[in-house]
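Observations on chain architecture
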Amino acid sequence: QQQVKQSPQSLIVQKGGISIINCAYENTAFDYFPWYQQFPGKGPALLIAIRPDVSEKKEGRFTISFNKSAKQFSLHIMDSQPGDSATYFCAASATGNQFYFGTGTSLTVIP
Amino acid sequence: DAGVIQSPRHEVTEMGQEVTLRCKPISGHNSLFWYRQTMMRGLELLIYFNNNVPIDDSGMPEDRFSAKMPNASFSTLKIQPSEPRDSAVYFCASSLRGVRLYGYTFGSGTRLTVV
């Protein structure tokens, strides 16, 4: 069973727009939530991560919003650029190291 | 740091043949993970090792799959016999156990095609 549910499966955004990807989880033991970015032909790479003691974390144009009570978190990409076109994975981890990944969102930013 | 190194990058094999995928983790990393990526199922964890010891192999699809880590710098994933449904991209990742801050470092993957 999927420990982390991710939506949408694919997303098309105009250049300059906001891209939003959502994830939900059930396991309340999860306490670390990273996002990975994957370009074609490459392995996923860590983009940004958040712990549940904060509701938001921002790094440049990328922001994670976290809602602990709803057990949901989302990635917002502001001012989306064609170079952001990639597949994005959310993930969750409890103490013990193993990450559970969402099914991925294919983002296309149209110039 | 050369990162996680996987070989081969691409493998095309006939059904029934044995396939061996190889991985060299980042030096000093003590956890190693094998993932399979498909369009339908996304990233699936197959098996992971801590300090060269297999910890959880519940994701290994069936007995045709086996993985070894004979030392800290090398791991293999073997499929014998291979089937067309095994076609996927296989990723190896490594991390420093207990240090989630840096996440996993993934290799570039092996694209396996079984015909």
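Use the structure listed above.
Description of the structure in this document. (Residues numbered from 1 in each chain as written. Chains lettered and ligands numbered in written order. Predicted model: local features only at pLDDT ≥ 70, side-chain atom pairs only at ≥ 80, totals over all residues. Heavy atoms only, no water.)

A closer look at the interface of chain B and chain A
Each partner contributes residues to the interface: chain B has 24 residues there, and chain A has 20 residues. For the pair chain B and chain A, the summed buried area comes to about 1700 Å², and 48% of that belongs to carbon and sulfur atoms. Put simply, chain B and chain A have 0 salt bridges between them. The tally of links from chain B across to chain A stands at 5 residue pairs in polar contact (both at pLDDT 80 or more). Those elements giving two or more residues to the side of chain B that touches chain A turn out to be β4 (31–38), β5 (42–50) and β9 (88–95) of chain B. The class makeup of the residues in the side of chain B that touches chain A is 11 nonpolar, 8 polar and 5 charged. (Contact = heavy atoms within 4.5 Å. Buried area = accessible area lost by both parts, 1.4 Å probe. Salt bridge = Lys/Arg side-chain N within 4 Å of Asp/Glu carboxyl O. Polar contact = N/O pair within 3.5 Å; in protein donor to acceptor, adjacent residues only side chain to side chain. Helix = DSSP H or I, 4+ residues; strand = E, 2+ residues; numbered from the N terminus. Nonpolar A, V, L, I, M, F, W, Y, C, P; charged D, E, K, R; others polar.)

Overview of the nonpolar core
Residue and element names in this part refer to chain A. Counting 25 residues, the largest nonpolar core has Phe-33, Trp-35, Phe-73, Leu-75 and Tyr-88 as its most contacted members. Looking at this core, the elements that each hand over two or more residues are β2 (10–14), β3 (19–25), β4 (33–38), β5 (45–50), β7 (62–67), β8 (72–77), β9 (86–93) and β11 (105–110). Among the elements that take part in this core, β9 stands out by supplying 4 residues, more than any other. (Core = buried A, V, L, I, M, F, W, Y, C linked by side-chain atoms within 4.5 Å. Buried < 20%, exposed > 50% of the residue type's maximum accessible area, 1.4 Å probe, protein only.)

Description of the pattern of salt bridges
Residue and element names in this part refer to chain B. All chains considered together, the criterion is met by 11 salt bridges over all chains. Across the salt bridge formed by Glu-83 and Arg-64, the nearest N and O atoms sit 3.5 Å from each other. With a gap of 19 residues between them, Glu-83 in the loop between β8 (74–79) and β9 and Arg-64 in the loop between β6 (53–56) and β7 (65–71) connect regions that are remote in the sequence. Assessed through its relative accessible area of 23%, Glu-83 is described here as partly exposed. A relative accessible area of 10% means that Arg-64 is categorised as buried. Residue Glu-83 pairs with Arg-85 through a salt bridge whose shortest N-O separation is 2.6 Å.

Looking at the state of the cysteines
Scanning the model with the defined rule gives 2 disulfides over all chains in all. Here A:Cys23 engages in a disulfide with A:Cys90; their sulfurs sit 1.9 Å apart. Taking the torsion about the sulfur-sulfur bond, which here is approximately -95 degrees, the covalent link between A:Cys23 and A:Cys90 counts as left-handed. Here A:Cys23 is found in strand β3, whereas its partner A:Cys90 is found in strand β9, with 67 residues between them in sequence. Of the two residues examined, A:Cys23 and A:Cys90, each falls in the buried class. Between the sulfur atoms of B:Cys23 and its disulfide mate B:Cys92 the distance is 1.9 Å. Judged by the sign of its S-S torsion, about -65 degrees, the bond between B:Cys23 and B:Cys92 is left-handed. Here the residue B:Cys23 occupies a position in strand β3 (residues 19–24), and B:Cys92 occupies one in strand β9, the gap between them amounting to 69 residues. Across the pair, B:Cys92 and B:Cys23 agree in class, each one buried. (Disulfide = S-S within 2.5 Å.)

Some words on the sheet that holds strand β1 (residues 5–7) of chain B
Residue and element names in this part refer to chain B. As summarised here, the arrangement of the 4 strands in space is β1-β3-β8-β7, forming an open sheet in which the pairing is antiparallel. Of all strands in the sheet, those with a lone pairing partner are β1 and β7, marking the two edges. Geometrically, the sheet is characterised by an average inter-axis angle of 15 degrees between neighbouring strands, direction not taken into account. In this structure, β3 lies alongside β8, joined through 5 bridges in antiparallel fashion. Note that in β8 the partner of Leu-21 across the bridge is Leu-77. (Pairing = 2+ DSSP bridges. Axes fitted to C-alpha atoms, helices over the stretch in contact; angles between N-to-C directions.)

Concerning the side chain of B:Ser75
Residues and elements named next belong to chain B. Of note, Ser-75 is situated in strand β8. A polar side-chain atom of Ser-75 sits 2.9 Å from a polar atom in the side chain of Trp-34. Within polar-contact distance, the side chain of Ser-75 engages the backbone oxygen of Lys-68 at 2.8 Å. Every residue in contact with Ser-75, bar those within four places of it in the chain, is listed here: Leu-21, Arg-22, Cys-23, Leu-32, Trp-34, Phe-49, Lys-68 and Met-69.

Function cannot be read off these values alone, since they describe shape.
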